[in-house]
Amino acid sequence: MPTYEQNKKSAEKYLATQDRITIRVPKESGLKTAIEAHAAAQGESVQGFIIRAVKAALEAEKSE
């Protein structure tokens, strides 16, 4: 069974390969709830949905 230190090292190694982007939305906007609901309806995570949506927007802009 992996120890805490082994898990920590694995997490650090994985995170070193990832970039981080943080977004903030106003609580009153209801956008967070809408994003979560849409992602769930599509059977994907919020992160997966946002990445897919950004990629689609980038591709659409390339085509213009």
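Residues numbered from 1 in each chain as written. Predicted model: local features only at pLDDT ≥ 70, side-chain atom pairs only at ≥ 80, totals over all residues. Heavy atoms only, no water.

Undergrad: Describe the pattern of salt bridges, listing the residues and the values that go with them.
TA: Evaluation of the coordinates by the stated rule reveals three salt bridges. Lys32 is the salt-bridge partner of Glu36, the closest N and O atoms lying 3.9 Å from each other. Of the two residues, Glu36 and Lys32 both sit in helix α2 (residues 31-41), four residues apart, roughly one turn of that helix. By relative accessible area, Glu36 is classed as partly exposed at 35%. (Salt bridge = Lys/Arg side-chain N within 4 Å of Asp/Glu carboxyl O. Helix = DSSP H or I, 4+ residues; strand = E, 2+ residues; numbered from the N terminus. Buried < 20%, exposed > 50% of the residue type's maximum accessible area, 1.4 Å probe, protein only.)

Undergrad: So, a nonpolar patch on the surface: which residues are in play, and what are the values?
TA: On the surface, Ile21, Ile23, Val25 and Leu31 cluster together to form a nonpolar patch covering roughly 390 Å² of accessible area. Mapping Ile23 onto the fold places it in the loop between α1 (4-15) and α2. (Patch = residues over 30% accessible without salt bridge, like charges linked within 9 Å, V, L, I, M, F, W, Y side chains within 5 Å. Areas by Shrake-Rupley, 256 points an atom, 1.4 Å probe, with all protein chains shown as cover.)

Undergrad: So what about the confidence of the model for the chain? Which residues, and what values?
TA: One rule of thumb: low pLDDT means the predicted coordinates there are not for detailed reading. Looking at the chain as a whole, the pLDDT averages 95, with 100% of positions reaching at least 70. By mean pLDDT, α1 is the weakest element of the chain at 95, and α2 is the strongest at 97. (pLDDT = per-residue confidence, 0-100.)

Undergrad: Which residues make up the layout of surface pockets, and what values go with them?
TA: To find leftover empty space, one rolls a probe the size of a water molecule over the atoms. Empty space within the largest pocket amounts to approximately 750 Å³. Along the wall of the largest pocket there are 18 residues; nearest its centre are Ile21, Thr22, Gln47, Ile50 and Ile51. At the level of elements, α1, α2 and α3 (46-63) are the ones that each hand at least two residues to the lining of the largest pocket. Broken down by element, the residue count for the lining of the largest pocket peaks at six residues, all from α3. The class makeup of the residues in the lining of the largest pocket is ten nonpolar, three polar and five charged. (1 Å grid on protein atoms, 1.4 Å probe; cavity = no way out; pocket = protein on both sides within 12 Å on 5 of 7 lines; lining within 4 Å. Points joined across faces, edges and corners; volume = space filled by probe spheres on them. Nonpolar A, V, L, I, M, F, W, Y, C, P; charged D, E, K, R; others polar.)

Undergrad: Outline the packing of α2 against α3, listing residues and values.
TA: Helices that pack against each other are described as a pair by the angle of their axes relative to one another and the distance between those axes. Relative to each other, α2 and α3 sit at 90°, their axes nearing to 9 Å. The angle between α2 and α3 falls in the class roughly perpendicular. In contact with Ile35, Glu36, His38 and Ala39 of α2, α3 contributes Val46, Phe49, Ile50 and Arg52. Grouping the constituent residues of the contact of α2 with α3 by class yields five nonpolar, one polar and two charged. (Axes fitted to C-alpha atoms, helices over the stretch in contact; angles between N-to-C directions. Parallel < 35°, antiparallel > 145°, perpendicular 65-115°, else oblique. Contact = heavy atoms within 4.5 Å.)

Undergrad: Give a description of the environment of Ile51 that names residues and reports values.
TA: Checked against the element boundaries, Ile51 lands in helix α3. C-alpha separation for the pair Ile51 and Gln18, spaced 33 residues apart in sequence, amounts to 13 Å.

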